[in-house]
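One letter stands for each residue in the lines below.
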Amino acid sequence: MLFPTFDFLLFALPVLVGFWALSGRPVARVAFLTAASYFFYMAGPKTDPPPAPWYFAGLLLVSTTLDFICGQKIHALSQRAKAAGKSDPVAALANRGRNRWLMLSMVGNLGLLGYFKYTNFLIQAFSDVAASMNIFVPALHLDVVLPLGISFYTFQSLSYTLDIWRGKLEPETSFARFALFVAFFPQLVAGPIVRASEFLPQLRRGPSFSRDNFESGAFRIVRGLAKKVVLGDWVASQLSDVIFDAPGTFTSAELLLALYGYTLQIYADFSGYSDIAIGLGLMLGFKLPENFDRPYQSLDIAEYWRRWHITLSSWLRDYLFFQVLAKFGARAGYFAVWLTMFLVGMWHGASWNFVIYANIHAAAMVFNRWNRTRQNKNKKLKKKGKHKPLPLRLVYWSVGTAVGFALGAGLVHTFLHLPWPQAAGLAGFGTIVLLGVCALPIKGGKLVVFAHIFLTFHLIVLSRIFFRAPDLDTARAFVEGLVALNTEHLIRPGLVSIWVYAALVGGLVLHFTPKRWVDETLMKLFRRTPGVLLGLAFVALCYGLMLLLQGAPRAFIYFQF
Amino acid sequence: MATLTAVTETTAAKSPQGLDQRNREADSTAPERFQWQMLGSVGPAMAVVFVSLVAVFTVPQLAEYRPWTSDDPLPFWNVLSRPFPSEAATAAQAHVAAVDKVADEVLAAPDPPPPPVEPAKPVVEAEVGTKLPPFAAGPDDSADVKTELELPTGHELDRFFTSLARSDASIAGAVTRAVHWGDSAIGVDGIPSAIRRRMQNRFGDAGHGFHLMAPANTSYRHREVDFQHNGKWHGCFIIQKCRSDGHYGLGGMTFRSVGGAQSSFAPHEKRSSGRVSKLDLHYAAQPNGGQIRIRVDEGEKIIVDTEADTLEDRFHSIEVPDGLHELEVRAAGSGRVRVYGVSMERDGPGVVWDGLALVGAFTRRMLEYDATHLAAQLEHRQADLVVFTFGGNDMVRKIKMSTYADEYREVVQHVRKARPEMDCLIMAPLDHGERQGQRIVSRPVVAKMVEAQRSVAKSEGCAFFDTYTAMGGDGSAGRWFRRKPRLMGGDFGHATGKGHQVIGELFFRALVHRYVEFRQARDSDGGIDAAANPTPAQPKE
């Protein structure tokens, strides 16, 4: 079910009222909310593509049951190992046992995710690689439909067994409560990814109702709806979709405009959804984690991933990055960064586009880490009066630049199929930008801060080509159009209305304003407004959104993940 | 992402003992009960929303504000009405599934090979008074057909099928020709090429057919022809209405040069049978006409004089031994020359399918042709069938469908009058989609236009192929766009290369299905004369 639909309004009102009425009865409220969550998952309106087939609910239940049992077993074996003592063979046996149960949970969850999400891509990728070596391997295509929200609930559910295995969480004794944790409808299909250690205690304690929570929740819902529909859906239908569908027919300026539009759209769409999810959670008496923190204000790519889809990047940081470091030590740092970021990218989709997207961000993170380390090291050396001799530094930089340029041109030519002159031009541009970033101090005045934000923002914008393009051919056509730098006409009259420009500029400007303008000032205004007026304003907003979308809202972009 | 120097756990990690206590205390703590006053201003706001909802559904004057009407699917469709679809919905789903299956078959199969060089059956001479042998089905003749070719009286394609039967029986010189006009839907020769490939593999290769002297636009591309030009021809395209004499040649474009313009044509070695035995230059003779120089395989120059007292259509035919040959055509000066294009054929038996895309044309643009000129062109081509695929550009016009149908009728009559011996076939436009939010829906005009064209076909004695339904009907533009590989381009109105193959296959199957029925009916009626000439139909006034 999509949030900005009549179906959801028809669903949410009675569910909220029903849950409030049952708030004093722990068993009934959990059962009610779990049933409502499964109903939400399955009872979508008629859209294109059509909503969930019946077996989706089965998969959700399988994942839930698997992890509930695995959690119990892991905990029981952990207790046995602890009781037996370290050198006791019983402890060793118990530890092996709990590892096997964890493996079962991981294979089960990641196996489901891998099968539904990556199988066809892996088959195709194998065929493509073989074809590049002139070996013809027919690519089978399995008729597989990606279950809604599988990337979210598998990670969420896996955090439960992982935390129990690490001894940071007690297993949940109530299956119904655990099922609710996995299926909680506000965040089931598009996050935020909620950790068991954050949410299960809330479910056990029961909902926390307060006027502050209700009003904050309602505010978040209204804010999210406006963001998602106006800056997300509408900008998409008026600008980004039109251009991304057939990039070969647009000029470089129009393609760049579409990229800016999509950058705003995806933020508004996803953060808007998260706002609605968090708001609903508050109105149900539960606190969900924040997922966005004005990410385009980031000074570098590392900060960006601390502000964008926070729950995903922190999940992979805690359960993968730190584990790789713990196992292999600091020397594996670059590898850990690359691997984690690569998986963040690949989590979003299974196609060559996402392989490129993932590698762009992974490479950017590795570069960022290297640059920071280098600058910090140089600062220390400078203080001590030690520095490599200038000629040696010049040689290092020249060789590094030449190698980077050659590698960049080669990659662009090979994977994006740009002719050598354009590939070299693009690689040259990239090399100059990277040299500029190296020259830019990490900390500085307003100009330095602006430069950092500007460069980081545009790295994000350009990487969106591979995120949004439906396939690699379209991405290639997009890049080709962008580097063509055709200037016969910049943006054709009538392509974009003045309202779309206003939404684009307004949305991006608002993003760079201080948070308190919205979070505090607007919130205060919301709370001071009488309830009847709020209701009328909400009704007017809904009607306006209905007209804007012609009654057919888009699914959230992250629904497809 | 935290740096290496800050390897700290940031999860909400607390000591297991603290967690144990909190986990145990939850069930023993008295739950917080909800109280209405906690809602604050949210309570009245929700009440207003609820009252508004009730009001729009109960007050008739507020009907336009209803977020749901009885025309919309039931709320919670996926659990309420989806499990219980109506018969019409079930039938539509089954049809879509059947179309998808054909598309899967086409896409899974290797690219159709070029037609064989030699006919499948030995070539025989037709003896007057004898009958063709009884029909023997080809290997794909019984392929599943989900959208049939509509023959209102059952006899709209009799002459075409009779000619096809002779080609099928491998009668010497039995060439069956179709001229296929259309808008950009058949641009890049995509759909005609897919049909041509299948028809020639089934009935024999009689050559590529007509090719313009130079590209009419950037999408003019006949992949089966190895074509070059030096960019010096000055073209006048029928949609520009730039020739008051209405002489645009079969391909809708006339080319002029006072000297130096040059083009060369050859069958593509890999993408066609690579053979040609008859090269036909289509040109106009006119007062002060100049000279055209022709060479075959860079051999002896042939000079064609285009001087004449009045404007008249002429054709210069060159016969060569069946094989790979290149024709070079050059404006040789001594006046202005005016040319249309070249047709490349083989002696037969087989099929020729001319792809004549008029990109950007409205249907009525065909009326720009001068009647005498059109008759001369079609007479020379000896076309057995004319196929029309128009409507895509007409969708943006704000006209009534009855007006559009009248225009189409006029076009059909204009063309059929030029050659009454020809059968005709109207091929409906492809589905055209538009975005509504995330959905890609069919434009409402498409179904109306299909109906209008169907009525024209019926009234004018033409066969009709409903391409829109063949693609899957309502929503097929969106479905085809979402398929991997895509069958529909990003403008939701033009098929991709793969889409052309699928449409070509759907059309071919429907055509051959009717051909088989015709042959079976005729065989039981006494058979088809080996040298028969069916009575030409009179075009409707």
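All values derive from a computational prediction rather than experimental measurement.

### With respect to the environment of A:Asn99
- The residue A:Asn99 is located in helix α4 (residues 89-132) in this model.
- Looking at A:Asn99, the relative accessible area reads 35%, which means it is partly exposed.

### Some points on the pairing of strand β12 (residues 337-345) of chain B
All names here are of chain B.
- Counting buried positions along β12 gives nine out of nine residues, so the element sits mostly inside the fold.
- As paired elements, strand β2 (residues 209-212) and β12 share four bridges and run antiparallel to each other. Bridging across to β12, Gly209 finds its partner in Met344.
- Relative to β12, strand β5 (residues 253-257) runs antiparallel, the two being bridged by three bridges. The partner of Arg256 across the bridge, within β12, is Arg338.

### Quick look at the environment of B:Ala521
All names here are of chain B.
- Tracing the backbone shows Ala521 in helix α11 (residues 497-524).
- Residue classification places Ala521 among the partly exposed positions, given a relative accessible area of 41%.
- Distance in space between the C-alpha atoms of Ala521 and Thr254 is 44 Å, their sequence separation being 267 residues.

### Observations concerning a positive patch on the surface
- Residues A:Lys379, A:Lys380, A:Lys383, A:Lys384, A:Lys386 and A:Lys443 make up a contiguous surface patch of positive charge.
- You can see A:Lys386 is positioned in the loop between α13 (352-384) and α14 (390-416).

### A word on unusual backbone geometry
- Cis geometry is adopted by the peptide bond preceding A:Pro192, which originates at A:Gly191 and carries an omega value of 5°.
- Mapped onto the elements, A:Pro192 comes out in the loop between α6 (175-183) and α7 (196-205).
- A cis geometry characterises the amide bond from B:Gly348 onward to B:Pro349, with omega recorded as 5°.
- Positionally, B:Pro349 belongs in the loop between β12 and β13 (350-357).
- Phi is positive for A:His309, close to 45°, though the residue is something other than glycine.
- Within the element layout of this structure, A:His309 appears in the loop between α10 (301-307) and α11 (310-328).
- Despite not being glycine, B:Phe76 shows a phi value in the positive range, around 55°.
- When you line up the elements, B:Phe76 lands in the loop between α2 (42-58) and α3 (87-108).

### Some remarks on the packing of aromatic side chains
- Per the stated rule, a full pass over the model turns up 71 aromatic pairs over all chains.
- Measuring from centroid to centroid gives 5.1 Å for A:Phe68 and A:Phe175, while their planes differ by 80°, and the two rings are edge-to-face. A residue pair is termed long-range when its members are at least 10 positions apart, and A:Phe68 in helix α3 (residues 55-84) and A:Phe175 in helix α6 qualify at 107 residues.
- On the accessibility criterion, A:Phe175 (32% relative accessible area) is partly exposed.
- Across the ring face of A:Trp370, the terminal group of A:Arg374 is positioned such that the distance to the ring centre comes to 5.3 Å.
- Taking NZ or CZ as reference, B:Arg202 lies 4.5 Å from the ring centre of B:Phe203, over its face.

### Re the side chain of B:His180
All names here are of chain B.
- Turning to its location among the elements, His180 is positioned in strand β1 (residues 175-182).
- Classification of His180 as buried rests on a relative accessible area of 0%.
- Ignoring any residue separated from it by four or fewer positions in sequence, one finds His180 in contact with Ile186, Pro192, Ile195, Trp353, Asp354, Gly355, Leu356, Val387, Thr389 and Met427.

### Quick notes on the sheet that holds strand β8 (residues 291-296) of chain B
Residues and elements named next belong to chain B.
- Here five strands make up an open sheet; going across it, the order is β3-β6-β11-β8-β9 and the pairing antiparallel. Each end of this open sheet is capped by a strand with a single partner; those strands are β3 (225-229) and β9 (301-305). Within the sheet, the average angular offset between the axes of one strand and its neighbour, ignoring direction, is 15°.
- Two elements, β3 and strand β6 (residues 262-267), share five bridges in a ladder whose sense is antiparallel. Along β6, the bridge assignment pairs Asp226 with Ala266.

### Things to note about the pattern of salt bridges
- Considering all chains together, one arrives at 59 salt bridges over all chains under this definition.
- When the shortest N-O distance is used, the salt bridge between A:Arg476 and A:Asp473 registers 3.4 Å. Placement of the pair is A:Arg476 and A:Asp473 together in helix α17 (residues 472-484), with a separation of three residues, close to one helical turn.
- Among the residues examined, A:Arg476 registers a relative accessible area of 16% and is labelled buried.
- A salt bridge links B:Glu312 to B:Arg314, with the nearest nitrogen and oxygen atoms 2.9 Å apart.
- Among the ionic contacts, a cluster of salt bridges with common partners joins A:Arg220, A:Arg223, A:Lys227, A:Asp275, A:Glu290 and A:Asp519.

### Comments concerning helix α20 (residues 531-549) of chain A
- Its 19 residues place the ends of α20(A) 27 Å apart at the C-alpha level, agreeing with the 27 Å of an ideal helix rising 1.5 Å per residue.
- The set of residues buried in α20(A) consists of A:Gly531, A:Leu534, A:Gly535, A:Phe538, A:Leu545 and A:Leu549. Along the long axis of α20(A), the arc covered by the buried residues comes to 100°, so they all point the same way.
- On its buried side, α20(A) packs onto α8 (211-245) and α19 (515-528) of chain A together with α2 of chain B.

### Here's the deal with helix α18 (residues 498-511) of chain A
Residue and element names in this part refer to chain A.
- With 14 residues, α18 extends 20 Å from end C-alpha to end C-alpha; this agrees with the ideal 20 Å at 1.5 Å per step.
- Among the residues of α18, those classed as buried are Val500, Ala503, Leu504, Gly507, Leu508 and His511. The buried residues of α18 occupy an angular sector of 115° when projected down its axis, which confines them to one face. Facing away from the buried surface of α18 by more than 90 degrees, the exposed residues are Ile498, Trp499, Val505 and Val509.
- Contact partners of the buried residues in α18: α8, α9 (252-283) and α16 (446-468).

### Points about the environment of A:Ala236
Residue and element names in this part refer to chain A.
- Its location among the elements puts Ala236 in helix α8.
- Note on Ala236: relative accessible area 0%, which makes it buried.
- Counting along the chain gives 146 residues from Ala236 to Val90, while the straight-line C-alpha distance between them is 60 Å.

### Some points on the state of the cysteines
- Taken as a whole, this structure holds two disulfides over all chains when the rule is applied.
- Taken N- to C-terminal, the disulfide-bonded cysteines of chain B are connected 1-2, 3-4.

### Focus on the packing of α14(A) against helix α15 (residues 420-439) of chain A
Residues and elements named next belong to chain A.
- Relative to each other, α14 and α15 sit at 140°, their axes nearing to 8 Å. Taken together, the axes of α14 and α15 are oblique relative to one another. Both α14 and α15 take part in a crossing whose hand is right-handed. In this structure, α14 contributes Trp397, Thr401, Phe405, Gly408, Ala409, Gly410, Val412 and His413 to the contact, and α15 contributes Trp420, Ala423, Ala424, Leu426, Ala427, Gly428, Thr431, Leu435 and Cys438.
- Residues that form the contact of α14 with α15 fall into these classes: 11 nonpolar, six polar and no charged.

### Things to note about the packing of helix α1 (residues 6-21) of chain A against helix α2 (residues 26-42) of chain A
Residues and elements named next belong to chain A.
- Between α1 and α2, the least distance of the axes is 10 Å, while the angle of their chain directions is 175°. Judged by the angle between their axes, α1 and α2 are roughly antiparallel. Residues Phe8, Phe11, Pro14, Val15, Gly18 and Phe19 of α1 touch α2, and the partners they reach there are Arg29, Phe32, Leu33, Ala36, Phe39 and Phe40.
- Residue composition of the contact of α1 with α2, grouped by class: 10 nonpolar, one polar and one charged.

### Notes on the domain arrangement of chain A
- Domain annotation of chain A identifies domain 1 (6-207), domain 2 (210-292 + 472-561) and domain 3 (388-439).
- Here the C-alpha centroids of domain 1 of chain A and domain 3 of chain A sit 44 Å apart.

Procedures and definitions
Residues numbered from 1 in each chain as written. Chains lettered and ligands numbered in written order. Predicted model: local features only at pLDDT ≥ 70, side-chain atom pairs only at ≥ 80, totals over all residues. Heavy atoms only, no water. Helix = DSSP H or I, 4+ residues; strand = E, 2+ residues; numbered from the N terminus. Buried < 20%, exposed > 50% of the residue type's maximum accessible area, 1.4 Å probe, protein only. Pairing = 2+ DSSP bridges. Patch = residues over 30% accessible without salt bridge, like charges linked within 9 Å, V, L, I, M, F, W, Y side chains within 5 Å. Areas by Shrake-Rupley, 256 points an atom, 1.4 Å probe, with all protein chains shown as cover. Salt bridge = Lys/Arg side-chain N within 4 Å of Asp/Glu carboxyl O. Lys, Arg positive; Asp, Glu negative; His and termini not counted. Charge placed at Lys NZ, Arg CZ, Asp CG, Glu CD. Phe/Tyr/Trp six-rings, centres within 6.5 Å; stacked < 30°, edge-to-face > 60°. Lys NZ or Arg CZ within 6 Å of the ring centre and 35° of its normal. Contact = heavy atoms within 4.5 Å. Axes fitted to C-alpha atoms, helices over the stretch in contact; angles between N-to-C directions. Expected span 1.5 Å × (residues − 1). Arc of directions from axis to C-beta. Disulfide = S-S within 2.5 Å. Parallel < 35°, antiparallel > 145°, perpendicular 65-115°, else oblique. Left-handed = near helix turned anticlockwise from the far one by under 90°. Nonpolar A, V, L, I, M, F, W, Y, C, P; charged D, E, K, R; others polar. Domains from an automatic or database assignment.

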